[in-house]
Amino acid sequence: MRCAAAVLLLAVLGALARAQAPDPESDPMIVQRRMALILRQASQYYEAGEYKAALEHLGKLGGPAAQDLSVLNLRGAILTKLGDYNQALQLFQSILEADPNYFPAAFNLGEVQFVRGDYAGALASFREMARRDPLNELVRFKIMLCELLVGNDDEARRVASGLVPAGATPAWYYAQAMLALKQG
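Presented here is a report on the structure given in the accompanying data block. (Residues numbered from 1 in each chain as written. Predicted model: local features only at pLDDT ≥ 70, side-chain atom pairs only at ≥ 80, totals over all residues. Heavy atoms only, no water.)

Moving on, we get to the overall build of the protein chain. The number of helices and strands found in the protein chain is 11 helices and 0 strands. Secondary structure of the protein chain in N-to-C order comes out as α-α-α-α-α-α-α-α-α-α-α. Considering only residue pairs separated by 6 or more positions, the protein chain has 44% of its internal contacts joining residues 24 or more positions apart. (Helix = DSSP H or I, 4+ residues; strand = E, 2+ residues; numbered from the N terminus. Contact = heavy atoms within 4.5 Å.)

Dropping the structure here:
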């Protein structure tokens, strides 16, 4: 009898403890840490070229964390690598609707257009980015490259002339190589 009463008491105390314990999914700090961990791990898979594993890893996120702009942007980058350009474009566009100044999504949108061969569309996207950040060397290089690919060689040379050899990126060197390649 004593043993049954003790077991019953332990069961009641356990149920009370579970009822009073905070739900880890409702604690914003826990949710944020979990999201950061999953995002970091998915990024590692992405960097290693394991795109399907990265996408599966992001699938572990639910609720508001799955709709975080950085999560959606990584998902779009993965879809781009997997060749699902339409879905990637939709993701990047939805991110930019939520936050028109979200640089990673704006850049990735231009990249998807570029990879698909829509050089005029990519050029428009990169020009819009340059209006916001005129000193960004990578964006200026992408503009120069798009100008070359749409046949605006003079404009491409003008943009390339604005890049500097001692810049923060190797954009000047790549620009010179592309101009030389174009000239044969």
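Here we come to the nonpolar core. In this structure, Phe92, Phe126, Val139, Ile143 and Met144 are the most contacted members of the largest nonpolar core, which totals 34 residues. Listing elements by their share of this core, those giving two or more residues are helix H5 (69-81), helix H6 (85-98), helix H7 (103-115), helix H8 (119-132), helix H9 (137-149), helix H10 (153-161) and helix H11 (171-183). When residues in this core are grouped by element, the largest group, 7 residues, is from H9. Leaving out residues up to four positions away in the same chain, Phe92 has contacts with Asn73, Gly76, Ala77, Thr80, Ala105, Asn108, Leu109 and Val112. Core analysis: the second largest hydrophobic core is formed by 14 residues, Ala65, Val71, Ala77 and Ile78 among them. (Core = buried A, V, L, I, M, F, W, Y, C linked by side-chain atoms within 4.5 Å. Buried < 20%, exposed > 50% of the residue type's maximum accessible area, 1.4 Å probe, protein only.)

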